[in-house]
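# Summary of structural features
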Amino acid sequence: MSNIIRLVVNNYNEILEANKEIMIDSWPMMNSPGPMLCIVGTYLAFVLKVGPKMMEKRPAFQLKNVLILYNAIQVLFSIWLTHKAFEPGVASLMLSPKCNNANRSLTDLGIQTTVTKAAWWYFIAKLVELLDTVFFVLRKKQNQVTFLHVYHHTLTAIFSWCYLKFLPGEQGALIGFLNTFVHIVMYSYYLIAALGPQYKKYLWWKKYMTWIQLVQFFLMLGYQLMILAMDCKVPRALTYFFIANTIIFIYLFGNFYRKSYTKKQV
């Protein structure tokens, strides 16, 4: 037992050392979870209580131009972030079996720094995406403020901070890459929808967007299980937590797909 505890402590210390080398703690909102939790807490308070109460006796905001601009920026940003995965050495690092090996070369450390900087932008993107729900509330689309939607946005914001803080390596990068690629598709759909009802005929592929999200979660689950099987030097408790929530996402999105599309075909 003492050997196991010593191994866990040593692995965690190696991760902290990698964190210090890249100086993640000096980056905005990374020294403490306080700012991130404050933003997420404000988000939950607004979309679940304050916002609906505020809009109760007010007409819905249209926000057409705001939504067009917002979704266009999200598409462009997602393309830029996805492109980061194709920079020299990044893809091979993400798929490497090194598992945060402490004995990295300086070249590897440089590539890892590139990956980690991209992960910080990914974290910022997750915070910005909380506006999705805020726009629903302001437009009085409360039926779209579902448990699935709020849970997904809340957990991904927390996930991205935790991965960046505690796993400053390639393990979280592949998951972020998959999610960012999916968001190119998702926000392209929202952008077309925001242009007006005359473009509705171009949105026939809506159900496939949910299918793509489900494939993403299965790939994430497989990758996380691989990390455990390879005995990577990452906090196992954190990995188990991520695996559990990925399974929850699969269930929730699968249930949404079944209710929204499968039943309609029966």
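Here the structure is a predicted model, which is why all the values come from computation and not from measurement.

### Some thoughts on helix 3 (residues 64-83)
Because each turn of an α-helix spans 3.6 residues, side chains separated by three or four positions end up pointing in the same direction. If you check helix 3, its first and last C-alpha atoms are 29 Å apart, about what 20 residues at 1.5 Å a residue would give, namely 28 Å. What helix 3 keeps buried is the set Leu67, Tyr70, Asn71, Gln74, Val75, Ser78, Leu81 and Thr82. Taken down its axis, helix 3 places every buried residue within 135° of arc, on the same side. For helix 3, exposure combined with an orientation more than 90 degrees from the buried face picks out Asn65, Leu69, Leu76 and His83.

### Digging into the UniProt feature "transmembrane region" (unreviewed entry) in the protein
Following the UniProt record, the feature "transmembrane region" (unreviewed entry) maps to residues 33-51, 63-81, 119-138, 150-167, 173-196, 208-226 and 238-257 here. When the span residues 33-51 is considered, its composition is 95% helix and 0% strand, and the gap between its end C-alpha atoms is 25 Å. Span residues 63-81 is 95% helix and 0% strand, its end C-alpha atoms 26 Å apart.

### Topic: the packing of aromatic side chains
In the structure shown here, the tally under the stated rule is 21 aromatic pairs. With centroids separated by 6.2 Å and ring planes inclined at 80°, the aromatic side chains of Tyr70 and Tyr187 adopt a geometry described as edge-to-face. On the criterion of sequence distance, the pair formed by Tyr70 in helix 3 and Tyr187 in helix 8 (residues 170-194) is long-range, its members being 117 residues apart. In terms of burial, Tyr70 and Tyr187 fall into one category: buried. Taken together, the ring pairs in this structure connect Phe147, Tyr151, Phe159, Tyr163, Phe217, Phe241, Phe242, Phe249 and Phe253 into an aromatic cluster.

### Observations regarding the packing of helix 2 (residues 34-55) against helix 7 (residues 147-166)
At a closest axis distance of 10 Å, the pairing of helix 2 and helix 7 adopts a crossing angle of 175°. With respect to each other, helix 2 and helix 7 are oriented roughly antiparallel. Contact residues: helix 2 offers Met36, Val40, Tyr43, Leu44 and Leu48, while helix 7 offers His149, Val150, His153, Thr154, Ala157, Ile158 and Trp161. Split into classes, the residues belonging to the contact of helix 2 with helix 7 amount to 9 nonpolar, 3 polar and no charged.

### Points about a nonpolar patch on the surface
On the surface, a cluster of nonpolar side chains totalling about 590 Å² of accessible area is made up of Trp204, Tyr208, Trp211, Val215 and Leu219. Its location among the elements puts Leu219 in helix 9 (residues 206-229). Exposure remark for Leu219: the relative accessible area of 47% places this residue in the partly exposed category.

### Description of the packing of helix 2 against helix 6 (residues 131-138)
Following both chains from N to C, one finds helix 2 and helix 6 inclined at 15°, their axes separated by 9 Å at the closest point. In terms of their interaxial angle, helix 2 and helix 6 are classed as roughly parallel. In the crossing of helix 2 with helix 6, the sense of the turn from one axis to the other is right-handed. Across from Tyr43, Phe46, Val47, Gly51, Pro52, Met54 and Met55 in helix 2, the residues of helix 6 making contact are Thr133, Val134, Val137 and Leu138.

Procedures and definitions
- Residues numbered from 1 in each chain as written.
- Predicted model: local features only at pLDDT ≥ 70, side-chain atom pairs only at ≥ 80, totals over all residues.
- Heavy atoms only, no water.
- Helix = DSSP H or I, 4+ residues; strand = E, 2+ residues; numbered from the N terminus.
- Expected span 1.5 Å × (residues − 1).
- Buried < 20%, exposed > 50% of the residue type's maximum accessible area, 1.4 Å probe, protein only.
- Arc of directions from axis to C-beta.
- UniProt positions renumbered as here; feature names shortened; annotations may be inferred.
- Phe/Tyr/Trp six-rings, centres within 6.5 Å; stacked < 30°, edge-to-face > 60°.
- Axes fitted to C-alpha atoms, helices over the stretch in contact; angles between N-to-C directions.
- Parallel < 35°, antiparallel > 145°, perpendicular 65-115°, else oblique.
- Contact = heavy atoms within 4.5 Å.
- Nonpolar A, V, L, I, M, F, W, Y, C, P; charged D, E, K, R; others polar.
- Patch = residues over 30% accessible without salt bridge, like charges linked within 9 Å, V, L, I, M, F, W, Y side chains within 5 Å.
- Areas by Shrake-Rupley, 256 points an atom, 1.4 Å probe, with all protein chains shown as cover.
- Salt bridge = Lys/Arg side-chain N within 4 Å of Asp/Glu carboxyl O.
- Left-handed = near helix turned anticlockwise from the far one by under 90°.

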